[in-house]
Amino acid sequence: MQPLIDNARTFGQRPEEFARLAEGQSPQVLFITCSDSRVVPALITGARPGELFELRTAGNIVPPYASEHPTGEAATIEYAVEVLGVRDIVVCGHSHCGAVGALVRGDDLTAVPAVRDWLAQAAPRPAGAAEDPAVAEGVQGHVLAQVLRLRSYPFIGEKLTEGRLTVHAWYYEVHTGSVLTHDVSTDTFRAL
């Protein structure tokens, strides 16, 4: 913890770099990814403060849209699209994902009921080889399922139809730093 505290103490000693951020934000991209500490969207993309609007959830799950019982995730997505006017949304899964691995393997999660119930929203259960520590196939399928879920949000579907929004499916390899994107024409993930 001490190195983090030391950095936080010196971080604010460059006010000229941050003054413009007080004027507001206008990110062009909503980046939806996992809460995993090894996945750092700004590091992966090279984004500076104010350039990405981030939504991080265990397993990068996009919950079903329900206007009568909105979730914090749905509110974040709605705010990014309707208020901030992002033009692109990236749903980024990653190798070695504990959440997707648990789903692929069918792990017993009774000891962590909140995690179990959150992951139950991932549907459908991702396919993949349970013995693959990277769970690549499972994560890639899971990302595509979350993209489909995202597309079912009424305001997302509307913007997609109007051509005012693009949704991207990415897969980040923790062990190599490589980023793959889903190619709709071949239905495969390929290097960016």
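Everything here concerns the structure above.
These remarks concern the structure in this document. (Residues numbered from 1 in each chain as written. Predicted model: local features only at pLDDT ≥ 70, side-chain atom pairs only at ≥ 80, totals over all residues. Heavy atoms only, no water.)

In terms of regular secondary structure, the protein chain is built from eight helices and six strands. Written out in order from the N terminus, the α and β elements of the protein chain read α-α-β-α-β-α-β-α-α-α-α-β-β-β. Taking 192 residues into account, the globule formula puts the C-alpha radius of gyration at 16 Å, and the protein chain, at 18 Å, falls close to it. With the principal axes as the frame, the protein chain shows a C-alpha extent of 50 × 45 × 35 Å. Residue burial in the protein chain is summarised as follows: out of 192 residues, 40% are buried. In the structure as shown, the protein chain presents an accessible area of about 10400 Å², 55% of it carried by carbon and sulfur atoms. Considering the protein chain, the positive charge centre built from 15 side chains and the negative charge centre built from 23 side chains are found 2 Å apart. (Helix = DSSP H or I, 4+ residues; strand = E, 2+ residues; numbered from the N terminus. Rg over C-alpha atoms; globule rule 2.2 N^0.38 Å. Buried < 20%, exposed > 50% of the residue type's maximum accessible area, 1.4 Å probe, protein only. Areas by Shrake-Rupley, 256 points an atom, 1.4 Å probe, with all protein chains shown as cover. Lys, Arg positive; Asp, Glu negative; His and termini not counted. Charge placed at Lys NZ, Arg CZ, Asp CG, Glu CD.)

Glancing now at the state of the cysteines. The tally for this structure, following the rule as stated, stands at zero disulfides. Between Cys34, a free cysteine, and Cys97, which holds the nearest cysteine sulfur, the sulfur-to-sulfur gap is 4.2 Å. The cysteine Cys92 is free of any disulfide, with Cys34 supplying the nearest cysteine sulfur at 9.6 Å. (Disulfide = S-S within 2.5 Å.)

Attention shifts here to the sheet that holds strand E5 (residues 179-183). Taken together, the six strands give an open sheet; going across it, the order is E2-E1-E3-E4-E5-E6, and neighbouring strands pair in mixed fashion. Both outer strands of the open sheet, strand E2 (52-57) and strand E6 (188-191), are each paired with one neighbouring strand and no more. Taken over all neighbouring pairs, the strand axes of this sheet differ in orientation by 30 degrees on average, direction set aside. Where E5 lies against E6, four bridges are found, and the strand directions are antiparallel. Across the sheet, His182 pairs through a bridge with Phe189, a residue of E6. (Pairing = 2+ DSSP bridges. Axes fitted to C-alpha atoms, helices over the stretch in contact; angles between N-to-C directions.)

On to the pairing of strand E3 (residues 88-94), then. With six of its seven residues buried, E3 lies for the most part within the structure. In this sheet, E3 lies alongside strand E1 (residues 29-34) in parallel orientation, the contact comprising five bridges. Across the sheet, residue Phe31 finds its bridge partner in E3, namely Val90. In the sheet, E3 pairs with strand E4 (residues 166-172) via seven bridges, with the strands oriented parallel. Residue pairing across strands places His94 opposite Tyr172, the latter belonging to E4.

Three or more residues of helix H8 (residues 154-162) are buried, namely Phe155, Ile156, Lys159 and Leu160. Seen end-on, H8 carries its buried residues on one side only, within an arc spanning 135 degrees. Looking at the buried positions of H8, the neighbouring elements they touch are helix H4 (72-83), E3, helix H7 (136-151) and E4. The positive-phi residue at the C-terminal boundary of H8 is Gly163, with phi of around 75 degrees. (Arc of directions from axis to C-beta. Contact = heavy atoms within 4.5 Å.)

Moving on to the pattern of salt bridges. Evaluated as defined, the whole model comprises seven salt bridges. Across the pair Arg105 and Asp107 runs a salt bridge whose closest N-O atoms are separated by 3.0 Å. Of the residues examined, Arg105 reaches a relative accessible area of 40% and is grouped as partly exposed. In this structure Asp107 comes out as partly exposed when scored by relative accessible area, which is 33%. The partner of Glu158 in a salt bridge is Lys159, with the nearest N and O atoms 4.0 Å apart. Bridged by salt links that share partners, the residues Glu82, Glu158 and Lys159 form one connected network. (Salt bridge = Lys/Arg side-chain N within 4 Å of Asp/Glu carboxyl O.)

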